[in-house]
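# Tertiary structure, described
Here's the letter readout for the chains.
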Amino acid sequence: PMQLLTKLPKASGISMSENWNSYSYLWTEAGGYVKLETSCYSSRPNALSNDASVVVGHGVVDMGWIPCYWVDGEYHDLGSSVYGEALGVSSEGRYFCGYLDGATPGAFTYDIVNDELTTLTNIFSEGNAISATCVNNNGEVFGYYANSFPAFPDARRAFAYVEGELINFADHLAMNGYRL
C-alpha cells in the first residue's frame, strides 16, 4: 500500500514490501509516480519543499536510520555513520532538519547549499531528547525537547534556534511581542 505525504499537485510516499522494507516515491501531476533511488536497502520520505525539488527522510543501513535527502531525484545522505532522521525541509528547499542518534544525539539543521551540518544539544535538560521538526527559509529551526526520559508528549517543550541561539519557544514568543 502507498502512503502519501500530500502537498498536491505533488506528493511523496512510500511503498512497503512484505519484509517491511519501504521504498520512497515522488508523485507529480506531470510525471505520475517516480521511485526515489537510494544506496540504502530501505527509505522513507518525511517532507518535501514547495516545488517538490527537495525531499527529506531517512535511509536504512545495517546499523540503523540515516538522514537522507533527494535533490531533483538525486540521492544524498550525511554519511553512513550519521544516524537519525530528517523530518522537515524549508519551503524553498535549502535547509532541512531532524534528529540524530548514536554517539552525538541531538537535533540538527543542514544547509544544502553550503553543505553545512549544525547540531543542537538539549541545553534545557541535558541528556534528554531534542528533535528539530521544522525549518524556515532563513534557516531558523523549531522543534521540541524533553524534560525527562522517555520523551512522552507531556514532557515535551518547544524550542527555537534563531540567529545561532537555542532558546525556549516561550522566550522566543516573548522576544517577538507575543504574550502567553
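See above for the structure.
Residues numbered from 1 in each chain as written. Predicted model: local features only at pLDDT ≥ 70, side-chain atom pairs only at ≥ 80, totals over all residues. Heavy atoms only, no water.

### Focus: the environment of Val162
Its location among the elements puts Val162 in strand β15 (residues 156–162). Judged by relative accessible area, which is 15%, Val162 ranks as buried. Sequence separation of Val162 and His172 is 10 residues, and the distance between their C-alpha atoms is 8.6 Å. Discounting residues that sit within four places of it in the chain, Val162 has contacts with Glu140 and His172. (Helix = DSSP H or I, 4+ residues; strand = E, 2+ residues; numbered from the N terminus. Buried < 20%, exposed > 50% of the residue type's maximum accessible area, 1.4 Å probe, protein only. Contact = heavy atoms within 4.5 Å.)

### Concerning the packing of aromatic side chains
For the structure on display, the rule yields 7 aromatic pairs. Look at Phe142 and Phe169: their rings are 6.0 Å apart centre to centre, the planes differ by 85 degrees, and that puts the pair in the edge-to-face class. With Phe142 in strand β14 (residues 141–146) and Phe169 in helix α1 (residues 169–175), the pair connects residues that are 27 residues apart, well separated along the chain. Residue class for Phe142 comes out buried when judged on its relative accessible area of 17%. Joined through ring pairs, the aromatic side chains of Tyr69, Phe96, Phe108 and Tyr110 make up one cluster. Sitting over the ring of Tyr144, Arg156 keeps its end group 4.4 Å from the ring centre. (Phe/Tyr/Trp six-rings, centres within 6.5 Å; stacked < 30°, edge-to-face > 60°. Lys NZ or Arg CZ within 6 Å of the ring centre and 35° of its normal.)

### Quick notes on the sheet that holds strand β7 (residues 64–71)
With respect to topology, 4 strands assemble into an open sheet ordered β5-β6-β7-β8, the strand pairing being antiparallel. A single partner strand is all that each edge strand has here, and the edge strands are β5 (42–48) and β8 (74–77). Each strand axis lies, on average, 30 degrees off the axis of its neighbour in the sheet, ignoring direction. Relative to β8, β7 runs antiparallel, the two being bridged by 4 bridges. Residue pairing across strands places Tyr69 opposite His76, the latter belonging to β8. (Pairing = 2+ DSSP bridges. Axes fitted to C-alpha atoms, helices over the stretch in contact; angles between N-to-C directions.)

### Thoughts on the sheet that holds β15
If you walk across this open sheet you meet the 4 strands as β13-β14-β15-β16, and the pairing is antiparallel. Since the sheet does not close on itself, it has two edges, and those belong to β13 (130–135) and β16 (165–168), each with one partner. Neighbour-to-neighbour, the strand axes of the sheet open up by a mean angle of 30 degrees, direction not taken into account. Note that β13 and β14 share 5 bridges and pair antiparallel.

### Describing the environment of Phe169
By relative accessible area, which is 27% here, Phe169 ends up partly exposed. As a C-alpha pair, Phe169 and Phe142 span 27 residues in sequence and 8.1 Å in three-dimensional space. Sequence-distant contacts of Phe169, that is, excluding residues within four places in its chain, are made with Phe142, Ala158, Phe159 and Ala160.

Remember that the coordinates give geometry; whether it matters functionally is a separate question.
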